[in-house]
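As a plain string of letters, each chain reads:
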Amino acid sequence: MLKSIVGIIFITIGIIWVEVPALLKKKQIKELVCFSFFLISGVVTGLIAAMQIDLPNPYDWIRVIYSPISDWIDNILQ
Amino acid sequence: MKQIQKINARQMTIFVIFYFIGSTILITPATLAAGGKQDAWISAIIGVIVSLFFVWFYTSIAKLNPEKNFIEYLEIVLGKWVGKFVSMLYILFFILSAAGSVWIIGDFMTTQVMPATPAVVFHIAFTMVVIFGVRWGIEVLARSAEIFFFWFIVLLLFFILFLLADIKVENITPIFENGFHPIVQASLYFISISGVTMFTFLLILPSARNAQSIRKTMMIGTFFGGMVLVVITFLCISVLGPTLTEYNVYPTYALAKKVNLGNFLERIEVIIAGIFMVTIFIKTTLYFYAIMISLAQTFRLKDYRPLVFPVGMWIVILSLVIYPSSVYAENWNSNVWIPFVFTFGFVFPIIVWGIGKWKARKRKEVRN
């Protein structure tokens, strides 16, 4: 657990090290905002996962959305 | 975003072949055999024919506006805000699909090849390769695909030649025992995973150097890839038999274990596994590239490369979350995946195509 948390933090520092200076130099603010959004959300979710807390599964939500249609398809195919 | 890096027709064909074979080569023989039993190879043929129709449809969308990618076209056709909303749904779809492909590699490696290693290692290692592929751009990817293609063909020919002696005709007879219905039903999953996902090429086609011949390129690639899948399914059924094919999670790999040349050349299945490593790699990378193109288009970014690492991180996380177990995966794939992919690969494209055609006609009327 601790190992993965440290690992995630190291990877994050590495990614910032590689990408951010170039972005600032070229003054690509929109890219920087997008980059930060994905990185911060990714790191937070990654850390939650590393603490072995169960993450919600997006496929469960999609299943709920599509359940009327998939039931209907099941009926047709049977 | 302008797609500056260009690839030629041969490279595009190789992309189409690899993408079409994708993860299908690994899992569909089992699904086809579950429905079609000994006629699974006929289901595969039906699947390829229907997929060709889908590809024909996608190229006619691409031909409406050859320089613009599909996400750009969405915004033109549906208006700015509806278009952006649908683009976000597409981004979500691509991220989930890429994560699904990574999961397949992880599951395959942990259940078949290296059971003692945790799956997350394979997920991270595989995603790293994909990340570098996408960061270097489509041109580099196309050239590496060309190099892979030679080995792919060599391995595939070896695979087929070594197994020819093991074909048992009694495994594929009687043909049409259960009638036509289950055969068509079984081909539906094949179409959903190979044919309908071909719409990803609507985002990659603007990188093609010669826009005139895209239909020919795509059709040839799909046909060739489809033939490979038909042959593999046929070999699975005729060598392993329908029951073993159905109950193996990865029948193609089980088939590779059968390769035995005079009790001397055997256990070469991991080398054969190189075939599906390459095809799944290309499929995942093209999904990833599609995410990048869509993101850059939706948020008007000049360069997608800074986003590759964070999105790659998301793919690793999602690949660990979306399928808690293989049972869940099988259940989800057979129930939800088909309507899910048809929404993106059929419903939205047909709406966009219809409105696009109508607008083009209206423009012509105004001009006259």
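Throughout this document, residue positions are counted from 1 along each chain, in the order its sequence is written. Written order decides the labels, with chains lettered from A and ligands numbered from 1. Whole-chain, interface and lining totals are the exception, using all residues; otherwise, since this is a predicted model, local features are given only for residues with pLDDT of at least 70 and side-chain atom pairs are given and counted only at 80 or more. The side-chain values count all of the structure's non-hydrogen atoms but skip hydrogen atoms and water molecules.

**Describing the overall build of chain B**
Then, in step 1: Numbering goes from the N terminus for both helices and strands, where a helix is a DSSP run of H or I of at least four residues and a strand is a run of E of at least two. Looking only at helices and strands, chain B features 15 helices and two strands.
Then, in step 2: The globule rule puts the C-alpha radius of gyration for 368 residues at 21 Å, and the 21 Å found for chain B is close to it.
Then, in step 3: Reported as C-alpha extents along the three principal axes, the dimensions of chain B are approximately 70 × 45 × 35 Å.
Then, in step 4: Counting over 368 residues, chain B shows a buried share of 60%.
Then, in step 5: Within chain B, counting contacts between residues at least 6 apart in sequence, those at least 24 apart form 84% of the total.
Then, in step 6: Positive charges come from Lys and Arg alone, negative charges from Asp and Glu alone, with His and the N- and C-terminal ends not counted. One atom stands in for each charge, and that atom is NZ of Lys, CZ of Arg, CG of Asp or CD of Glu. Charge-centre separation for chain B: the mean point of 28 positive side chains lies 16 Å from the mean point of 16 negative side chains. Computation of the radius of gyration draws on C-alpha atoms, with the globule rule given as 2.2 Å multiplied by the number of residues to the power 0.38. Here's how the labels work: a residue is buried when its accessible area is under 20% of the maximum for its type, exposed when over 50%, partly exposed in between, all with a 1.4 Å probe on protein chains only. Any two residues having at least one pair of non-hydrogen atoms within 4.5 Å are treated as being in contact.

**Thoughts on a nonpolar patch on the surface**
Then, in step 1: Patches here are clusters of residues that have more than 30% relative accessible area and form no salt bridge, with a 9 Å joining cutoff for like charges and a 5 Å cutoff for nonpolar side chains (Val, Leu, Ile, Met, Phe, Trp, Tyr). The accessible surface values rely on the Shrake-Rupley method and a 1.4 Å probe; as for residues, cover is taken only from the protein chains in view. In what follows, salt bridge is the name for a side-chain nitrogen of Lys or Arg lying within 4 Å of a carboxyl oxygen of Asp or Glu. A cluster of nonpolar side chains, Val120, Val121, Ile124, Met128, Val129, Phe132, Trp136, Val140 and Leu320 of chain B, forms an exposed patch at the surface whose accessible area comes to about 750 Å².
Then, in step 2: Inspection of the secondary structure assignment puts valine 140 of chain B in helix H7 (residues 138-164).

**Points about the pattern of salt bridges**
Residues and elements named next belong to chain B.
Then, in step 1: Here the structure, examined in full by the defined rule, presents eight salt bridges over all chains.
Then, in step 2: Measuring nitrogen to oxygen at the nearest pair gives 2.9 Å for the salt bridge that ties glutamate 139 to arginine 143. Residue glutamate 139 and its partner arginine 143 are located together in helix H7, separated by four residues, close to a single helical turn.
Then, in step 3: Looking at glutamate 139, the relative accessible area reads 25%, which means it is partly exposed.
Then, in step 4: Residues participating in the shared-partner salt-bridge network are Glu75, Lys84 and Arg300.

**Re the UniProt feature "transmembrane region" (unreviewed entry) in chain A**
Residue and element names in this part refer to chain A.
Then, in step 1: UniProt positions are given in the numbering used here, feature names are shortened, and annotations may be inferred rather than shown by experiment. Cross-referencing UniProt, the feature "transmembrane region" (unreviewed entry) maps to residues 6-24 and 31-53 in the present numbering.
Then, in step 2: When the span residues 6-24 is considered, its composition is 100% helix and 0% strand, and the gap between its end C-alpha atoms is 27 Å.
Then, in step 3: With 87% helix and 0% strand, the stretch residues 31-53 has end C-alpha atoms that lie 31 Å from each other.

**As for helix H15 (residues 326-367) of chain B**
In an α-helix, one turn spans 3.6 residues, which is why side chains three or four residues apart end up on the same side.
Then, in step 1: Expected span of a helix, by definition, is 1.5 Å for each gap between consecutive residues, and there is one gap fewer than residues. Taking 1.5 Å of rise per residue, the 42 residues of H15 of chain B would be expected to cover 62 Å, and the 58 Å separating its terminal C-alpha atoms lies within 8% of that figure.
Then, in step 2: Fitting axes to the seven residues that end at a residue and to the seven that start at it, the angle between those axes gives the bend at that residue. Along H15 of chain B, the sharpest change in direction is near 50° and occurs at valine 336 of chain B; proline proline 339 of chain B comes one to four residues later.

**Some thoughts on the interface of chain B and chain A**
Then, in step 1: Facing 34 residues of chain B, the contacting portion of chain A comprises 33 residues.
Then, in step 2: Buried area counts how much accessible surface, traced with a 1.4 Å probe, disappears from two parts once they are put together, with both parts' losses summed. A combined buried area of about 3100 Å² lies between chain B and chain A, and 70% of that area is made up of carbon and sulfur atoms.
Then, in step 3: Three residues stand out in chain B for area buried against chain A, namely Pro306, Met313 and Trp314 of chain B, and they jointly supply 18% of the buried area on that side.
Then, in step 4: Our count for the contact surface shared by chain B and chain A stands at one salt bridge.
Then, in step 5: The salt bridge involving glutamate 19 of chain A is made with arginine 135 of chain B; its shortest N-O contact spans 2.4 Å.
Then, in step 6: Listed by contribution, the elements that provide at least two residues to the side of chain B that touches chain A are helix H8 (181-195), helix H14 (308-321) and H15 of chain B.

**Topic: unusual backbone geometry**
Then, in step 1: The backbone of lysine 27 of chain A sits at a positive phi, close to 55°, despite the residue not being glycine.
Then, in step 2: Position of lysine 27 of chain A among the secondary structure elements: in the loop between helix H1 (2-26) and helix H2 (29-50).
Then, in step 3: The exposure class of lysine 27 of chain A is exposed, given its relative accessible area of 66%.
Then, in step 4: Although it is not a glycine, lysine 37 of chain B adopts a positive phi angle of roughly 50°.
Then, in step 5: Here lysine 37 of chain B lies in the loop between helix H2 (24-36) and helix H3 (40-64).
Then, in step 6: Judged by relative accessible area, lysine 37 of chain B falls into the partly exposed class, the value being 29%.

**A look at the confidence of the model for chain B**
Then, in step 1: The predictor reports its confidence for every residue as pLDDT, a score running from 0 up to 100. Within chain B, residue pLDDT values average 88, and 99% of them lie at 70 or more.
Then, in step 2: The element-level mean pLDDT for chain B is lowest in strand E2 (residues 265-266) of chain B, coming to 78, with helix H6 (residues 119-136) of chain B highest at 93.

**Observations concerning the nonpolar core**
Residue and element names in this part refer to chain B.
Then, in step 1: Nonpolar cores were defined as sets of buried Ala, Val, Leu, Ile, Met, Phe, Trp, Tyr and Cys residues, with membership established by side-chain atoms within 4.5 Å. Of all hydrophobic cores here, the largest spans 154 residues; its most connected members are Phe15, Tyr90 and Phe201.
Then, in step 2: Here this core gets 18 residues from one element, more than from any other, and that element is helix H13 (residues 269-298).
Then, in step 3: Other than its neighbours up to four places away in sequence, tyrosine 90 contacts Phe70, Ile71, Leu74, Phe199, Phe344, Phe348 and Pro349.

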